[in-house]
Every structure is written in C-alpha cells, then in structure tokens.
Amino acid sequence: MVFDLKDNLKNKAYALAGTLLVCGAVIGAVSTALYIDSRDKNERAKVDGQSVIEEVKALLAQDGEIEGSWIELQPLKKERYGQEQVLYFGGVSRQEKGHLVQYEFIADAQSGQIIDLYQV
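The present account deals with the structure reproduced in this document. Fair warning: this is a prediction, and the values are worked out from it, not measured in the lab.

Bringing the side chain of Arg94 into the picture now. Within the secondary structure layout, Arg94 lies in strand E3 (residues 83-96). A distance of 2.5 Å separates a polar atom in the side chain of Arg94 from the backbone oxygen of Leu60.

By size, the foremost hydrophobic cluster in this structure holds 13 residues, and its most contacted members are Val52, Ile71, Tyr88, Val92 and Phe105. At the level of secondary structure, the elements contributing two or more residues to this core comprise helix H2 (49-61), E3 and strand E4 (99-108). Ignoring sequence-local partners within four residues, the contact set of Phe105 consists of Val52, Ile53, Val56, Trp70, Ile71, Tyr88, Phe89, Gly90, Gly91, Val92, Asp116 and Leu117.

What follows deals with the environment of Glu54. Among the structural elements, Glu54 can be located in helix H2. In sequence terms Glu54 and Ser69 are 15 residues apart; their C-alpha atoms lie 9.3 Å from each other.

Relative to the assigned elements, Arg80 resides in strand E2 (residues 76-80). Asp116 provides the closest opposite charge to the buried, unpaired Arg80, separated from it by 5.2 Å. When residues no more than four places from it in sequence are discounted, the contact partners of Arg80 are Gln85, Leu87, Ile106 and Ile115.

Here we take up the pattern of salt bridges. Between side chains of opposite charge, pairing is possible as soon as their charged atoms come close. Taken as a whole, this structure holds 2 salt bridges when the rule is applied. The salt bridge partner of Glu54 is Lys57, with a shortest N-O separation of 3.7 Å. Placement of the pair is Glu54 and Lys57 together in helix H2, with a separation of 3 residues, close to one helical turn. Judged by relative accessible area, Lys57 falls into the partly exposed class, the value being 23%. One salt bridge in this structure joins Arg94 and Glu96, with 2.6 Å as the shortest N-O distance. Judged by relative accessible area, Arg94 falls into the buried class, the value being 6%. In this structure Glu96 comes out as partly exposed when scored by relative accessible area, which is 21%.

What follows is about unusual backbone geometry. Even without being glycine, Tyr81 reaches a positive phi, approximately 55°. Of note, Tyr81 is situated in the loop between E2 and E3. Among the residues examined, Tyr81 registers a relative accessible area of 75% and is labelled exposed. One non-glycine residue with positive phi stands out, namely Lys97, at about 55°. Mapped onto the secondary structure, Lys97 falls in the loop between E3 and E4.

Each value, and the rule that gives it
- Residues numbered from 1 in each chain as written.
- Predicted model: local features only at pLDDT ≥ 70, side-chain atom pairs only at ≥ 80, totals over all residues.
- Heavy atoms only, no water.
- Helix = DSSP H or I, 4+ residues; strand = E, 2+ residues; numbered from the N terminus.
- Polar contact = N/O pair within 3.5 Å; in protein donor to acceptor, adjacent residues only side chain to side chain.
- Core = buried A, V, L, I, M, F, W, Y, C linked by side-chain atoms within 4.5 Å.
- Buried < 20%, exposed > 50% of the residue type's maximum accessible area, 1.4 Å probe, protein only.
- Contact = heavy atoms within 4.5 Å.
- Lys, Arg positive; Asp, Glu negative; His and termini not counted.
- Salt bridge = Lys/Arg side-chain N within 4 Å of Asp/Glu carboxyl O.

Written out as structure tokens, the structure is:
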C-alpha cells in the first residue's frame, strides 16, 4: 500500500468544505425558523383596535347613548406592574342623566381584553 500525501490532503479539504457547507445550512435554517416564529407570534395574537372600541361602546351603550369615541389604532408598548405590555388606549363619551360623561380605557392588544375603564 502506497501512502499518497496529495490524495490525503485533498480528502481532508473535501471533508472540511462539506462540514462547513452543512454547518452554514443548519445555521441558516435555524435563523430563518426563529425569525418566522417571532414574526408570527407578534402578528397572530394582535387584535384589531376597531373591534376593541366596538366592544367598549357596546358595553357602555347599555346605560346611555354613545355620543363619540376614539382609539389609538397603533398599539403602544408600556410597562405596567413590571411587565412590558402592548396596549390600546381610547375613550368614549356618552349621555348620562342629561350630562356628557367621558370614559377612557386601556385594552390588551394581544387578547383584546379591557384592562381598565374609568370615568374622566
């Protein structure tokens, strides 16, 4: 058996190139999967601001006529109770005993749940 140094170096170079190619493909696939997962997580749970304001108006319309309403359609990131939350802020005006009364609310942008509703 004849030992050929040139063939041995050539085989090592092919093995290294193959290993680097596989490592690059794995890193690319994992990075792509993480990016898609984080993008989907942000998009799939977001509730439309219009549906939130309609829910608040329906709740307040039970006790008086709604005169007007508003909502920040772009949710804002705020820290509440030590946690960062994505929130909608809005307000509703309604008639109560002949007087215009204003309410403001805070709603979770991920679930649509009304977190706080208070008279101004």
